[in-house]
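Chain by chain, the residues run as shown.
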Amino acid sequence: MEIKFGSDGLIPAIVQDFYTGEVLTLAYMNRESLDISLSEQHTCFYSRERKTLWRKGETSGNRQRIVSAAADCDGDALLFRVIKDGPACHTNMESCFHNEIYSDGETPGFSANALYQLIAGRKTEPVEGAYTSYLFEKGLDKILKKVGEETAEVIIAAKNPGKSELTYELADLAYHSLVLMAERGVGLDEIAAELAKRMKK
């Protein structure tokens, strides 16, 4: 397919997390930065503000390894699926799209990554009275104790009829596991990468 650059020589490039599907950023490429991205297999963009090329992560270290690239039906927009080495946004957020401007307030939504970020935030910026901050304050042994307790409760619930109790207990275990991950510095992307390796087997 022909890639169609705009009159300014640029084409919008959407970057998506390969593991979570989260949209990380919208940047722009010219022909040179696209060629560099594909040849080096890491994202390289064109800065409209600085009028120059910039390789993502060249200063921050938060590089993005390209897994796949696709053009839209008209060939005038690109989608890159990447495995990232760190936050995509210069504000140190995982995604550049973190400023919500509208929500219908009714449709339930969930993101494991957003929950993980919330949990990790309770460690770096403790909130008085928050259970998660309490767990971090008590330390690793307390967190491990809770993971053990929740594991036992999952086993008991699994032996009972129906699935509502099991669902509830699994959610508790998942939450406390995320707390443990944040305490030990294990990211969701690392878990996803390990599971992806196992899929290949």
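Just above sits the structure.
Cut-offs and rules
Residues numbered from 1 in each chain as written. Predicted model: local features only at pLDDT ≥ 70, side-chain atom pairs only at ≥ 80, totals over all residues. Heavy atoms only, no water. Pairing = 2+ DSSP bridges. Helix = DSSP H or I, 4+ residues; strand = E, 2+ residues; numbered from the N terminus. Axes fitted to C-alpha atoms, helices over the stretch in contact; angles between N-to-C directions. Contact = heavy atoms within 4.5 Å. Expected span 1.5 Å × (residues − 1). Buried < 20%, exposed > 50% of the residue type's maximum accessible area, 1.4 Å probe, protein only. Arc of directions from axis to C-beta. Phe/Tyr/Trp six-rings, centres within 6.5 Å; stacked < 30°, edge-to-face > 60°. Parallel < 35°, antiparallel > 145°, perpendicular 65-115°, else oblique. Left-handed = near helix turned anticlockwise from the far one by under 90°. Nonpolar A, V, L, I, M, F, W, Y, C, P; charged D, E, K, R; others polar. Core = buried A, V, L, I, M, F, W, Y, C linked by side-chain atoms within 4.5 Å.

*Asks:* Outline the sheet that holds strand β1 (residues 11–17), supporting the account with residue identities and numerical values.
*Replies:* Strands in a sheet are paired, the pairing made by backbone hydrogen bonds, and the direction either parallel or antiparallel. Taken together, 4 strands build an open sheet; the order of strands is β2-β1-β6-β5 and the sheet is mixed. The sheet is open, and its two borders are formed by β2 (23–29) and β5 (64–71), each paired with just one other strand. Going from strand to strand, the sheet's axes swing by 25° on average, the running direction of each strand aside. Those strands touched by helix α1 (residues 31–40) are β2, β5 and β6 (78–84), and its axis lies near 130° from that of β2.

*Asks:* Give me helix α4 (residues 140–159): which residues, what numbers.
*Replies:* Along an α-helix, residues three or four apart share an orientation, since each turn contains 3.6 residues. With 20 residues, α4 should reach 28 Å at 1.5 Å per residue; the first-to-last C-alpha distance of 29 Å fits that figure. By the burial criterion, the buried members of α4 are Ile143, Lys146, Val147, Glu150, Val154 and Ala157. All buried residues of α4 project into a common sector of 100° when viewed along the axis, lining one side. For α4, the exposed residues lying more than 90 degrees away from the buried face are Asp141, Ile155, Ile156 and Lys159. Those residues of α4 that are buried are in contact with α3 (131–138) and α5 (164–184).

*Asks:* Talk me through the packing of aromatic side chains; I want residue IDs and the actual numbers.
*Replies:* For the coordinates displayed, the defined rule picks out 4 aromatic pairs. For the ring pair phenylalanine 18 and tyrosine 19, a centre distance of 5.2 Å and an interplane angle of 70° mean the geometry is edge-to-face. The exposure class assigned to phenylalanine 18 is partly exposed, which follows from its relative accessible area of 27%. Each ring, one from phenylalanine 45 and one from tryptophan 54, has its centre 5.0 Å from the other, and the planes form 50°; the classification is tilted. Its relative accessible area of 1% is what places phenylalanine 45 among the buried residues. Judged by its relative accessible area of 23%, tryptophan 54 is partly exposed. A network of ring pairs unites the aromatic residues Tyr131, Tyr134 and Tyr175 as a single cluster.

*Asks:* Describe the packing of α3 against α5, listing the residues and the values that go with them.
*Replies:* Between α3 and α5, the least distance of the axes is 11 Å, while the angle of their chain directions is 50°. Judged by the angle between their axes, α3 and α5 are oblique. By crossing handedness, the relation of α3 to α5 is classed as right-handed. Packed against α3, whose contacting residues are Tyr131, Thr132, Leu135 and Phe136, the element α5 presents Tyr175, His176, Val179, Ala182 and Glu183 at the interface. For the contact of α3 with α5, a count of residues per class yields 6 nonpolar, 2 polar and 1 charged.

*Asks:* Describe the nonpolar core, and please don't skip the residues or the numbers.
*Replies:* Counting residues in each nonpolar core, the largest one holds 13 residues, and the members touching the most others are Ala13, Met29, Phe45, Leu78, Phe80 and Val82. Mapped by element, the contributors of at least two residues to this core are β1, β2 and β6. Those residues in contact with leucine 78 that sit more than four places away from it in its chain are Ile3, Ile11, Pro12, Ala13, Ile14, Met29, Leu34, Ala70 and Ala71. Counting residues in each nonpolar core, the second largest holds 10 residues, with Tyr116, Phe136, Ile143 and Val179 among its members.

*Asks:* Explain the pairing of strand β4 (residues 52–55) to me, using residue names and the numbers behind them.
*Replies:* Looking at chain direction, strand β3 (residues 44–47) and β4 are connected through 4 bridges and run antiparallel. If you follow serine 47 over to β4, its bridge partner there is threonine 52. Between the end of β3 and the start of β4, which pair antiparallel, lie 4 residues, with lysine 51 showing a positive phi angle near 60°.

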